[in-house]
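These are the residues of each chain, in order.
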Amino acid sequence: MAASATLFASNDLLAQKTLREAYKDYFPVGVAVAPRNLSGPEAELIKQQFNSITPENAMKMGPIHPEENRYNWQDADAIVDFGVTNGIKVRGHTLCWHSQAPRWFFTDSEGKDVNREVLLARLKQHITDVMTRYKGKIYAWDVVNEAVPDTGKGIYRESKFYKIIGEDYIQKAFEYAHAIDPEAKLFYNDYNTESTAKRAKIYQLVKKLKDKNVPIHGVGLQGHWSIYEPSQAELEKSIKTFADMGLAVQVTELDVSVYAKEHERRAKKETDKSVYTDEMMEKQSAHYKMLFDTFRKYKGTVTGVTFWNVSDRSSWLDNFPVPGRKDYPLLFDESYKPKRAFEGVVNF
Ligand code: XIL
(Lines give C-alpha, C1' and ligand atoms only; values in the text may rest on other atoms or scores of the structure.)
Protein backbone atom coordinates (compact mmCIF):
# COMPACT_ATOMS: atom_id res chain seq x y z
CA MET A 1 0.00 0.00 0.00
CA ALA A 2 1.31 3.48 -0.80
CA ALA A 3 2.35 5.56 2.15
CA SER A 4 -0.38 8.10 1.50
CA ALA A 5 -3.05 5.41 1.53
CA THR A 6 -1.72 4.12 4.84
CA LEU A 7 -1.90 7.56 6.30
CA PHE A 8 -5.53 8.02 5.52
CA ALA A 9 -6.78 4.44 5.69
CA SER A 10 -6.15 4.45 9.40
CA ASN A 11 -8.23 7.47 10.23
CA ASP A 12 -11.92 8.16 10.22
CA LEU A 13 -11.60 11.44 8.37
CA LEU A 14 -11.01 9.70 5.06
CA ALA A 15 -13.82 11.63 3.42
CA GLN A 16 -12.40 15.01 4.40
CA LYS A 17 -11.14 17.42 1.84
CA THR A 18 -7.46 18.17 2.00
CA LEU A 19 -6.23 21.61 3.00
CA ARG A 20 -5.01 22.39 -0.50
CA GLU A 21 -8.32 21.37 -2.07
CA ALA A 22 -10.44 23.20 0.47
CA TYR A 23 -8.51 26.46 -0.10
CA LYS A 24 -7.89 26.21 -3.83
CA ASP A 25 -10.04 29.29 -4.51
CA TYR A 26 -8.48 31.26 -1.64
CA PHE A 27 -4.74 30.90 -1.10
CA PRO A 28 -1.95 28.31 -1.05
CA VAL A 29 -1.68 26.44 2.24
CA GLY A 30 1.94 25.96 3.22
CA VAL A 31 4.15 24.28 5.78
CA ALA A 32 7.63 24.91 7.15
CA VAL A 33 10.02 22.07 6.39
CA ALA A 34 13.47 20.70 7.08
CA PRO A 35 15.15 18.20 4.73
CA ARG A 36 14.25 15.36 7.12
CA ASN A 37 10.53 16.02 6.43
CA LEU A 38 10.97 15.34 2.72
CA SER A 39 10.94 11.55 2.81
CA GLY A 40 8.71 8.94 4.42
CA PRO A 41 5.23 9.57 5.82
CA GLU A 42 5.79 13.31 6.38
CA ALA A 43 6.63 13.81 2.72
CA GLU A 44 3.42 11.99 1.77
CA LEU A 45 1.38 14.13 4.11
CA ILE A 46 2.99 17.30 2.75
CA LYS A 47 2.28 16.34 -0.88
CA GLN A 48 -1.28 15.39 -0.05
CA GLN A 49 -2.23 18.42 2.04
CA PHE A 50 -0.06 21.41 1.15
CA ASN A 51 0.76 23.39 -1.97
CA SER A 52 3.46 25.63 -0.53
CA ILE A 53 6.57 25.05 1.57
CA THR A 54 8.96 27.31 3.48
CA PRO A 55 12.41 26.20 4.66
CA GLU A 56 12.21 26.28 8.45
CA ASN A 57 15.92 27.08 8.86
CA ALA A 58 17.83 26.20 5.69
CA MET A 59 17.78 29.66 4.06
CA LYS A 60 18.53 31.75 7.14
CA MET A 61 21.74 33.77 7.04
CA GLY A 62 23.77 31.56 9.40
CA PRO A 63 22.75 28.14 8.07
CA ILE A 64 23.12 29.09 4.39
CA HIS A 65 26.09 31.47 4.62
CA PRO A 66 28.28 30.25 7.51
CA GLU A 67 31.47 31.95 6.29
CA GLU A 68 32.08 34.96 4.10
CA ASN A 69 33.17 32.93 1.08
CA ARG A 70 31.22 29.77 1.72
CA TYR A 71 27.58 28.95 1.20
CA ASN A 72 25.91 25.78 2.39
CA TRP A 73 23.34 25.19 -0.36
CA GLN A 74 22.61 21.54 0.29
CA ASP A 75 19.55 21.76 2.53
CA ALA A 76 17.99 24.72 0.73
CA ASP A 77 18.52 23.02 -2.64
CA ALA A 78 16.83 19.85 -1.39
CA ILE A 79 13.80 21.82 -0.25
CA VAL A 80 13.52 23.85 -3.46
CA ASP A 81 13.93 20.68 -5.56
CA PHE A 82 11.15 18.98 -3.60
CA GLY A 83 8.87 21.93 -4.30
CA VAL A 84 9.70 22.13 -7.99
CA THR A 85 9.41 18.35 -8.50
CA ASN A 86 6.04 18.15 -6.80
CA GLY A 87 4.46 21.34 -8.12
CA ILE A 88 4.55 22.92 -4.67
CA LYS A 89 5.27 26.65 -4.36
CA VAL A 90 8.27 27.76 -2.31
CA ARG A 91 8.39 30.80 0.04
CA GLY A 92 11.86 32.05 0.91
CA HIS A 93 12.70 32.70 4.57
CA THR A 94 14.56 34.92 5.27
CA LEU A 95 17.09 37.34 3.75
CA CYS A 96 17.80 39.65 6.67
CA TRP A 97 17.24 38.75 10.31
CA HIS A 98 19.25 39.61 13.43
CA SER A 99 18.69 36.12 14.83
CA GLN A 100 20.47 33.09 13.37
CA ALA A 101 22.81 35.53 11.58
CA PRO A 102 26.48 34.47 11.59
CA ARG A 103 28.90 36.49 13.69
CA TRP A 104 31.33 36.99 10.76
CA PHE A 105 28.70 39.08 9.00
CA PHE A 106 29.19 41.99 11.38
CA THR A 107 32.88 41.75 12.20
CA ASP A 108 36.28 42.20 10.54
CA SER A 109 39.31 39.90 10.78
CA GLU A 110 40.18 41.41 14.18
CA GLY A 111 36.72 40.82 15.53
CA LYS A 112 35.72 44.50 15.46
CA ASP A 113 32.39 45.67 14.08
CA VAL A 114 32.54 46.55 10.39
CA ASN A 115 31.31 49.94 9.18
CA ARG A 116 28.08 50.80 7.37
CA GLU A 117 29.56 50.43 3.88
CA VAL A 118 31.01 47.00 4.54
CA LEU A 119 27.85 45.70 6.15
CA LEU A 120 25.67 47.01 3.32
CA ALA A 121 28.01 45.43 0.77
CA ARG A 122 27.79 42.09 2.60
CA LEU A 123 24.02 42.32 2.81
CA LYS A 124 23.81 43.06 -0.90
CA GLN A 125 26.14 40.18 -1.78
CA HIS A 126 24.21 37.78 0.42
CA ILE A 127 20.81 38.73 -0.98
CA THR A 128 22.17 38.65 -4.53
CA ASP A 129 23.75 35.21 -4.21
CA VAL A 130 20.82 33.55 -2.48
CA MET A 131 18.10 35.06 -4.66
CA THR A 132 19.99 34.47 -7.89
CA ARG A 133 20.39 30.79 -7.12
CA TYR A 134 16.65 30.29 -6.64
CA LYS A 135 15.34 32.89 -9.06
CA GLY A 136 12.09 31.81 -10.66
CA LYS A 137 11.65 29.00 -8.13
CA ILE A 138 10.75 31.07 -5.08
CA TYR A 139 7.59 33.11 -5.54
CA ALA A 140 7.75 35.17 -2.33
CA TRP A 141 10.47 36.17 0.13
CA ASP A 142 10.48 37.32 3.73
CA VAL A 143 13.03 40.04 3.04
CA VAL A 144 13.36 41.48 6.53
CA ASN A 145 12.28 39.56 9.61
CA GLU A 146 11.44 40.88 13.10
CA ALA A 147 12.93 44.39 12.80
CA VAL A 148 10.49 45.85 15.35
CA PRO A 149 10.83 45.46 19.15
CA ASP A 150 7.89 44.32 21.30
CA THR A 151 8.44 46.96 23.96
CA GLY A 152 9.88 50.44 24.31
CA LYS A 153 9.30 53.57 22.29
CA GLY A 154 11.49 52.94 19.26
CA ILE A 155 10.14 51.57 16.00
CA TYR A 156 13.34 49.72 15.24
CA ARG A 157 14.90 46.81 17.09
CA GLU A 158 18.44 47.71 18.21
CA SER A 159 20.02 44.98 16.13
CA LYS A 160 23.51 44.98 14.63
CA PHE A 161 21.96 45.86 11.28
CA TYR A 162 20.23 48.88 12.78
CA LYS A 163 23.15 50.01 14.90
CA ILE A 164 25.76 49.74 12.17
CA ILE A 165 23.74 50.78 9.11
CA GLY A 166 20.80 52.77 10.47
CA GLU A 167 17.11 52.39 9.69
CA ASP A 168 17.65 52.34 5.93
CA TYR A 169 19.06 48.81 6.06
CA ILE A 170 15.45 47.72 5.64
CA GLN A 171 14.88 49.83 2.54
CA LYS A 172 18.19 48.65 1.10
CA ALA A 173 17.35 44.99 1.65
CA PHE A 174 14.09 45.38 -0.28
CA GLU A 175 15.83 47.26 -3.09
CA TYR A 176 18.57 44.65 -3.43
CA ALA A 177 15.97 41.87 -3.47
CA HIS A 178 13.76 43.55 -6.07
CA ALA A 179 16.73 44.19 -8.35
CA ILE A 180 17.57 40.49 -8.42
CA ASP A 181 14.05 39.13 -8.95
CA PRO A 182 11.45 41.74 -9.92
CA GLU A 183 8.79 39.00 -10.07
CA ALA A 184 9.21 37.87 -6.47
CA LYS A 185 6.68 39.11 -3.91
CA LEU A 186 8.57 40.81 -1.11
CA PHE A 187 7.36 40.73 2.50
CA TYR A 188 8.16 42.35 5.81
CA ASN A 189 7.58 39.58 8.38
CA ASP A 190 7.03 39.78 12.16
CA TYR A 191 5.35 38.19 15.20
CA ASN A 192 3.04 39.62 17.87
CA THR A 193 1.45 41.67 15.09
CA GLU A 194 -1.91 41.84 16.90
CA SER A 195 -0.48 43.76 19.84
CA THR A 196 -1.78 47.32 19.48
CA ALA A 197 1.61 48.89 20.11
CA LYS A 198 3.56 46.57 17.86
CA ARG A 199 1.03 46.77 15.03
CA ALA A 200 1.31 50.56 15.14
CA LYS A 201 5.10 50.39 14.91
CA ILE A 202 5.03 47.96 12.01
CA TYR A 203 2.53 50.26 10.32
CA GLN A 204 4.96 53.17 10.67
CA LEU A 205 7.88 51.13 9.38
CA VAL A 206 5.93 49.94 6.34
CA LYS A 207 4.37 53.37 5.71
CA LYS A 208 7.81 54.94 5.45
CA LEU A 209 8.81 52.32 2.90
CA LYS A 210 5.64 52.82 0.87
CA ASP A 211 6.04 56.61 0.93
CA LYS A 212 9.50 56.20 -0.55
CA ASN A 213 8.23 53.76 -3.19
CA VAL A 214 10.37 50.98 -1.79
CA PRO A 215 9.36 47.68 -3.47
CA ILE A 216 7.42 45.97 -0.68
CA HIS A 217 4.39 43.88 -1.59
CA GLY A 218 3.12 42.49 1.64
CA VAL A 219 3.28 41.99 5.37
CA GLY A 220 3.76 38.57 6.92
CA LEU A 221 1.89 37.97 10.14
CA GLN A 222 3.91 35.12 11.58
CA GLY A 223 0.86 33.79 13.41
CA HIS A 224 2.59 32.26 16.42
CA TRP A 225 -0.65 32.42 18.34
CA SER A 226 -2.28 30.45 21.14
CA ILE A 227 -5.72 29.23 22.13
CA TYR A 228 -6.07 32.54 24.03
CA GLU A 229 -5.10 34.97 21.28
CA PRO A 230 -5.61 36.88 19.06
CA SER A 231 -9.30 37.83 19.11
CA GLN A 232 -11.04 38.01 15.76
CA ALA A 233 -11.24 41.80 16.09
CA GLU A 234 -7.49 42.09 16.71
CA LEU A 235 -6.70 39.88 13.75
CA GLU A 236 -9.04 41.80 11.45
CA LYS A 237 -7.48 45.05 12.58
CA SER A 238 -4.05 43.80 11.50
CA ILE A 239 -5.27 42.49 8.15
CA LYS A 240 -7.20 45.73 7.40
CA THR A 241 -4.35 47.98 8.48
CA PHE A 242 -2.03 46.49 5.89
CA ALA A 243 -4.69 45.88 3.21
CA ASP A 244 -5.59 49.59 3.38
CA MET A 245 -2.00 50.39 2.42
CA GLY A 246 -2.41 48.29 -0.72
CA LEU A 247 -0.38 45.41 0.68
CA ALA A 248 -1.00 41.69 0.60
CA VAL A 249 -1.09 39.81 3.90
CA GLN A 250 0.26 36.30 4.40
CA VAL A 251 0.15 34.28 7.58
CA THR A 252 3.66 32.91 7.37
CA GLU A 253 4.31 30.77 10.48
CA LEU A 254 0.98 29.63 11.87
CA ASP A 255 0.67 27.59 15.03
CA VAL A 256 -1.81 27.70 17.91
CA SER A 257 -0.07 26.86 21.16
CA VAL A 258 -2.16 25.26 23.90
CA TYR A 259 -0.33 27.40 26.48
CA ALA A 260 -0.51 31.12 27.21
CA LYS A 261 1.66 32.92 24.65
CA GLU A 262 5.15 33.99 25.65
CA HIS A 263 7.68 35.35 23.17
CA GLU A 264 10.84 35.13 25.29
CA ARG A 265 12.74 31.95 26.09
CA ARG A 266 12.71 30.99 29.78
CA ALA A 267 13.57 28.06 32.01
CA LYS A 268 11.03 25.34 32.74
CA LYS A 269 9.21 25.77 36.03
CA GLU A 270 7.67 23.20 38.37
CA THR A 271 4.22 24.31 37.18
CA ASP A 272 4.96 23.80 33.46
CA LYS A 273 3.28 20.52 32.60
CA SER A 274 3.13 19.05 29.10
CA VAL A 275 -0.60 18.47 28.78
CA TYR A 276 -3.24 18.44 26.09
CA THR A 277 -6.60 18.30 27.79
CA ASP A 278 -9.99 17.91 26.08
CA GLU A 279 -10.72 21.47 27.01
CA MET A 280 -7.55 22.68 25.28
CA MET A 281 -8.44 20.60 22.24
CA GLU A 282 -11.94 22.13 22.06
CA LYS A 283 -10.61 25.63 22.49
CA GLN A 284 -7.97 25.05 19.85
CA SER A 285 -10.55 23.72 17.37
CA ALA A 286 -12.76 26.76 17.84
CA HIS A 287 -9.76 29.06 17.54
CA TYR A 288 -8.54 27.49 14.31
CA LYS A 289 -12.06 27.75 12.89
CA MET A 290 -12.23 31.43 13.76
CA LEU A 291 -8.80 32.07 12.23
CA PHE A 292 -9.62 30.42 8.91
CA ASP A 293 -13.11 31.97 8.78
CA THR A 294 -11.31 35.30 9.06
CA PHE A 295 -8.66 34.47 6.46
CA ARG A 296 -11.42 33.54 3.98
CA LYS A 297 -13.30 36.73 4.76
CA TYR A 298 -10.29 38.64 3.43
CA LYS A 299 -10.01 36.67 0.19
CA GLY A 300 -7.80 38.60 -2.18
CA THR A 301 -5.87 40.25 0.65
CA VAL A 302 -4.77 37.08 2.46
CA THR A 303 -2.65 35.46 -0.26
CA GLY A 304 -1.04 32.62 1.68
CA VAL A 305 -1.22 30.73 4.98
CA THR A 306 1.73 28.63 6.11
CA PHE A 307 1.91 26.34 9.16
CA TRP A 308 5.14 26.29 11.13
CA ASN A 309 5.91 22.52 11.14
CA VAL A 310 4.06 19.48 9.92
CA SER A 311 2.47 17.77 12.91
CA ASP A 312 2.35 17.59 16.71
CA ARG A 313 4.92 14.80 16.56
CA SER A 314 7.55 17.50 16.57
CA SER A 315 7.32 21.27 16.50
CA TRP A 316 9.68 24.09 17.42
CA LEU A 317 7.29 24.92 20.30
CA ASP A 318 8.41 21.69 22.05
CA ASN A 319 11.55 23.67 22.85
CA PHE A 320 10.39 27.26 22.79
CA PRO A 321 9.71 29.32 24.84
CA VAL A 322 10.09 26.60 27.48
CA PRO A 323 12.68 23.89 26.71
CA GLY A 324 11.21 20.42 27.19
CA ARG A 325 7.54 21.43 27.46
CA LYS A 326 5.68 19.63 24.70
CA ASP A 327 3.13 21.63 22.74
CA TYR A 328 0.29 20.49 20.46
CA PRO A 329 -0.10 23.43 18.11
CA LEU A 330 -0.85 21.97 14.65
CA LEU A 331 -3.68 20.35 12.66
CA PHE A 332 -2.15 16.86 12.53
CA ASP A 333 -1.52 14.77 15.65
CA GLU A 334 1.53 12.77 16.69
CA SER A 335 0.51 9.96 14.29
CA TYR A 336 -0.08 12.45 11.45
CA LYS A 337 -3.84 12.08 11.69
CA PRO A 338 -6.04 15.14 11.22
CA LYS A 339 -7.19 16.55 14.58
CA ARG A 340 -10.64 17.91 15.40
CA ALA A 341 -9.37 21.38 14.53
CA PHE A 342 -8.75 20.17 10.97
CA GLU A 343 -12.49 19.60 10.43
CA GLY A 344 -13.41 23.16 11.24
CA VAL A 345 -10.73 24.41 8.87
CA VAL A 346 -11.71 22.39 5.77
CA ASN A 347 -15.51 22.36 6.22
CA PHE A 348 -17.13 25.66 5.38
C1 XIL B 1 12.55 28.83 14.39
C2 XIL B 1 12.73 27.38 13.94
O3 XIL B 1 11.46 26.79 13.87
C4 XIL B 1 13.62 26.64 14.91
O5 XIL B 1 13.91 25.35 14.39
C6 XIL B 1 14.91 27.41 15.16
O7 XIL B 1 15.64 26.76 16.16
C8 XIL B 1 14.63 28.84 15.58
O9 XIL B 1 13.80 29.45 14.59
N10 XIL B 1 10.18 33.32 13.91
C11 XIL B 1 10.77 33.03 12.69
C12 XIL B 1 11.23 31.65 12.43
O13 XIL B 1 10.79 33.88 11.79
O14 XIL B 1 12.35 31.63 11.59
C15 XIL B 1 11.53 30.90 13.72
O16 XIL B 1 11.87 29.55 13.39
C17 XIL B 1 10.36 30.98 14.66
C18 XIL B 1 10.06 32.41 15.01
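So, here is what we can say about the structure in this document. Values in this document were obtained by computation on a predicted structure and should not be read as measured data.

1. Some words on the overall build of the protein chain
A count of helices and strands for the protein chain gives 12 helices and 9 strands. Relative to the compact-globule value of 20 Å for 348 residues, the protein chain shows a C-alpha radius of gyration of 20 Å, a close match. By the burial criterion, 57% of the 348 residues in the protein chain qualify as buried. Taking the contacts inside the protein chain whose residues are at least 6 apart along the sequence as the reference set, 77% of them involve residues at least 24 apart. Accessible surface, the protein chain as shown: approximately 14,800 Å² in total, 48% of it carbon and sulfur. A distance of 3 Å separates the average location of the 49 positive side-chain charges in the protein chain from that of its 48 negative side-chain charges.

2. Considering the side chain of E146
Its location among the elements puts E146 in the loop between β4 (140–145) and α7 (160–165). Notably, E146 is buried but unbridged: the nearest opposite-charge side chain belongs to R157, and the N-O separation is 4.6 Å. Apart from residues lying up to four places away in sequence, E146 is in contact with W97, H98, R157, Y188, N189, D190, Y191 and Q222.

3. Side note on helix α8 (residues 168–180)
Compared with the 18 Å implied by 1.5 Å per residue over 13 residues, the 19 Å span of α8 between its first and last C-alpha is a close match. Listing the buried residues of α8 in full gives Y169, I170, Q171, A173, F174, Y176, A177 and I180. In this structure, the buried side of α8 is in contact with β3 (89–97), α6 (116–133), β4, α7, β5 (185–190) and α9 (196–211).

4. Looking at unusual backbone geometry
Residue T94 is reached from H93 by a cis peptide bond, and omega for that bond is 0°. Tracing the backbone shows T94 in strand β3. Residue P321 is bonded to the preceding F320 through a cis peptide linkage, with omega at 0°. Note on placement: P321 falls in the loop between β9 (302–307) and α12 (340–346). Residue Q100 is not a glycine yet carries a positive backbone phi of 55°.

5. Points about helix α3 (residues 41–49)
Every buried residue of α3 is accounted for by E42, A43, L45, I46 and Q49. One face of α3 carries all of its buried residues, which in axial projection span an arc of 160°.

6. Some details on the site of the ligand
Residues in contact with the ligand amount to 13 residues; listed here are only the nearest, E56, K60, H93, N145 and E253. Note that an oxygen atom of the ligand is positioned 3.0 Å from one of the side-chain N or O atoms of N57. A distance of 3.2 Å separates an oxygen atom of the ligand from a polar side-chain atom of Q100. Here the ligand, which alone exposes 420 Å², has 78% of that area covered by the protein. In the shell around the ligand, the residues fall into 3 nonpolar, 6 polar and 4 charged.

What counts, and at which threshold
Residues numbered from 1 in each chain as written. Predicted model: local features only at pLDDT ≥ 70, side-chain atom pairs only at ≥ 80, totals over all residues. Heavy atoms only, no water. Helix = DSSP H or I, 4+ residues; strand = E, 2+ residues; numbered from the N terminus. Rg over C-alpha atoms; globule rule 2.2 N^0.38 Å. Buried < 20%, exposed > 50% of the residue type's maximum accessible area, 1.4 Å probe, protein only. Contact = heavy atoms within 4.5 Å. Areas by Shrake-Rupley, 256 points an atom, 1.4 Å probe, with all protein chains shown as cover. Lys, Arg positive; Asp, Glu negative; His and termini not counted. Charge placed at Lys NZ, Arg CZ, Asp CG, Glu CD. Salt bridge = Lys/Arg side-chain N within 4 Å of Asp/Glu carboxyl O. Expected span 1.5 Å × (residues − 1). Arc of directions from axis to C-beta. Near = heavy atom within 4 Å. Polar contact = N/O pair within 3.5 Å; in protein donor to acceptor, adjacent residues only side chain to side chain. Nonpolar A, V, L, I, M, F, W, Y, C, P; charged D, E, K, R; others polar.

By themselves, these observations are geometric and do not establish any function.
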